[in-house]
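Structural description and commentary
As a plain string of letters, each chain reads:
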Amino acid sequence: MANDGPLRTSLVWLAVIILIVGISTYSFKKMMVTYFVGMLGIAGVLLPDWDYFDRDVSEWCQPITVEEIGPNAVQRPESHRFRFYPVRTVIYATVYGFGLYKWWTYITH
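Read on for an overview of the structure. (Residues numbered from 1 in each chain as written. Predicted model: local features only at pLDDT ≥ 70, side-chain atom pairs only at ≥ 80, totals over all residues. Heavy atoms only, no water.)

Bringing the packing of aromatic side chains into the picture now. Where two aromatic rings form a pair, the distance of their centres and the angle of their planes describe that pair. For the coordinates displayed, the defined rule picks out three aromatic pairs. On the numbers, 5.5 Å between centres and 10° between planes, the contact of Tyr92 with Tyr96 is stacked. Note that Tyr92 and Tyr96 are positioned in helix H6 (residues 86–108) at a spacing of four residues, about one turn of the helix. For the pair Trp103 and Trp104, a centre-to-centre distance of 6.0 Å together with 55° between the ring planes defines the contact as tilted. (Phe/Tyr/Trp six-rings, centres within 6.5 Å; stacked < 30°, edge-to-face > 60°. Helix = DSSP H or I, 4+ residues; strand = E, 2+ residues; numbered from the N terminus.)

Taken as a whole, this structure holds one salt bridge when the rule is applied. With its nearest N and O atoms 3.4 Å apart, the salt bridge here joins Asp4 to Arg8. The partly exposed category is assigned to Asp4, whose relative accessible area is 32%. (Salt bridge = Lys/Arg side-chain N within 4 Å of Asp/Glu carboxyl O. Buried < 20%, exposed > 50% of the residue type's maximum accessible area, 1.4 Å probe, protein only.)

Backbone geometry at Tyr26 places phi at a positive 55°, although glycine is not the residue there. Tracing the backbone through its elements, the reader meets Tyr26 in the loop between helix H1 (5–25) and helix H2 (28–46). For Tyr26, a relative accessible area of 75% corresponds to the exposed category.

Mapped onto the elements, Thr34 comes out in helix H2. With relative accessibility at 3%, the residue Thr34 sits in the buried group. Separated by 15 residues in sequence, Thr34 and Leu19 have C-alpha atoms that sit 9.8 Å apart. Apart from the residues lying within four places of it in its own chain, the contact partners of Thr34 are Leu14, Ile17, Ile18, Val21, Trp103 and Ile107. Reaching out from Thr34, the side chain makes a polar contact with the backbone oxygen of Lys30 at a distance of 2.8 Å. (Contact = heavy atoms within 4.5 Å. Polar contact = N/O pair within 3.5 Å; in protein donor to acceptor, adjacent residues only side chain to side chain.)

Between its terminal C-alpha atoms H1 stretches 30 Å, which fits the 30 Å expected from 21 residues at 1.5 Å a residue. Inspection of H1 places Leu14, Ile18, Val21 and Gly22 among the buried residues, and these make up the whole buried set. Along H1, the residues classed as buried sweep out an arc of 95° about the axis, all on the same side. Opposite the packed face of H1, turned more than 90 degrees from it, sit the exposed residues Arg8, Val12, Trp13, Leu19, Ile20, Ile23 and Ser24. Residues of H1 that are buried make contact with H2 and H6. In the stretch just after H1, Tyr26 is the one whose phi turns positive, near 55°. (Expected span 1.5 Å × (residues − 1). Arc of directions from axis to C-beta.)

The analysis is restricted to geometry; functional conclusions fall outside its scope.
Below you can see the structure in the form of structure tokens.
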């Protein structure tokens with residue numbers, strides 16, 4: 001990852017959320033669950049190879065060819081990380097929504 005600013009910001013916010021959960025619930029176990037769920041969530045957004053996933057969903061099971069990469073892919077300073085694809089958005093919203101729901105029900109009970 002060339003620009004680690006978003007990763008640092010996400011980790012700081014995760015630390016703040018863990019602190020709030022710990023202060024409000026007095027539970028180390030719930031703090032650890034929040035940590036692991038948060039790390040999985042951050043890793044799911046910031047770590048994937050977006051050049052690979054910035055293709056149509058039907059092409060995700062096929063390897064990237066040299067023609068698709070092109071000469072500019074190696075030299076470009078920033079990734080086109082947040083292109084909007086409706087199917088990918090629905091998949092992410094479903095997975096993260098379910099995970100957030102399960103985490104919230106665990107923390108509040």
